[in-house]
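Overview (structure and organization)
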Amino acid sequence: MTDKTDNVLFLCTGNSARSILAESILNKEGGGRCKAYSAGSQPKGEVNPHALKELETLGYSSTGISSKSWDVFAETGSPEIDFIFTICDSAAGEAYPVWIGHPMTAHWGVEDPAAVVGTEVEIRRAFAQAARFLKNRITAFLNLPVASIDRLALEQHVRQIGSLEGASVKSPKAE
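Residues numbered from 1 in each chain as written. Predicted model: local features only at pLDDT ≥ 70, side-chain atom pairs only at ≥ 80, totals over all residues. Heavy atoms only, no water.

Below, the discussion takes up helix α4 (residues 120-142). Between the first and last C-alpha of α4 there are 32 Å, a value that for 23 residues agrees with the 33 Å anticipated at 1.5 Å per step. Looking only at α4, the buried set comprises I123, A126, F127, A130, A131, F133, L134, R137, I138, F141 and L142. The inward-facing, buried residues of α4 abut β1 (6-11), α1 (18-29), β2 (34-39), α2 (49-58), β3 (83-86) and α5 (151-161). (Helix = DSSP H or I, 4+ residues; strand = E, 2+ residues; numbered from the N terminus. Expected span 1.5 Å × (residues − 1). Buried < 20%, exposed > 50% of the residue type's maximum accessible area, 1.4 Å probe, protein only. Contact = heavy atoms within 4.5 Å.)

What follows is the structure in structure tokens.
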């Protein structure tokens, strides 16, 4: 067993909902094994209030979470990222910055709950569903024997996680 903490970056174009949910969920569920971050190519600059409410409802912390550009993680002095998971289809198709190190990437697309138009109940249901789909992916990731399988097998596993229940229907660029 290794004592290494894996740094995980969740990417979504706006970095206001799905990637925020994933960051908070992994930081708690990872139990110190992982440090999660989130960012976006075109960050909204604020976290969606429904995402904050969902985190509160589920007992996850939103302390220190913010909507920020993915450029922050390509700068000198930023944490070296081990895994990058795109959460939205549009971010998966964009040209990424050059990342420090050689992070493993996979697409874990989930439909955008912030795009749901409807009653407050329908919107809250969409956020709850997105959080559930993301938690299922994160749980599957945390159950991988990261320290004992080779890089190619690990890469196949993290990519397969993206096809779990709730996978968005659009195909990202070839990774």
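After presenting the structure, the write-up continues.
A word on unusual backbone geometry. Of note in the backbone geometry, N15 takes a positive phi value of approximately 45 degrees without being a glycine. Relative to the helices and strands, N15 resides in the loop between β1 and α1.

So, about the packing of aromatic side chains. Counting across every chain of the model gives eight aromatic pairs. Ring centres 5.9 Å apart and planes at 45 degrees place the aromatic pair F10 and F85 in the tilted group. You can see F10 sitting in strand β1 and its partner F85 sitting in strand β3, a full 75 residues away along the chain. No difference in accessibility class separates F10 from F85, as the two residues are buried. Through a chain of ring-to-ring contacts, three or more aromatic side chains come together here, namely F10, F83, F85, W108 and F141. We note K35 situated over the ring of Y37; from NZ or CZ to the ring centre the distance is 5.2 Å. (Phe/Tyr/Trp six-rings, centres within 6.5 Å; stacked < 30°, edge-to-face > 60°. Lys NZ or Arg CZ within 6 Å of the ring centre and 35° of its normal.)

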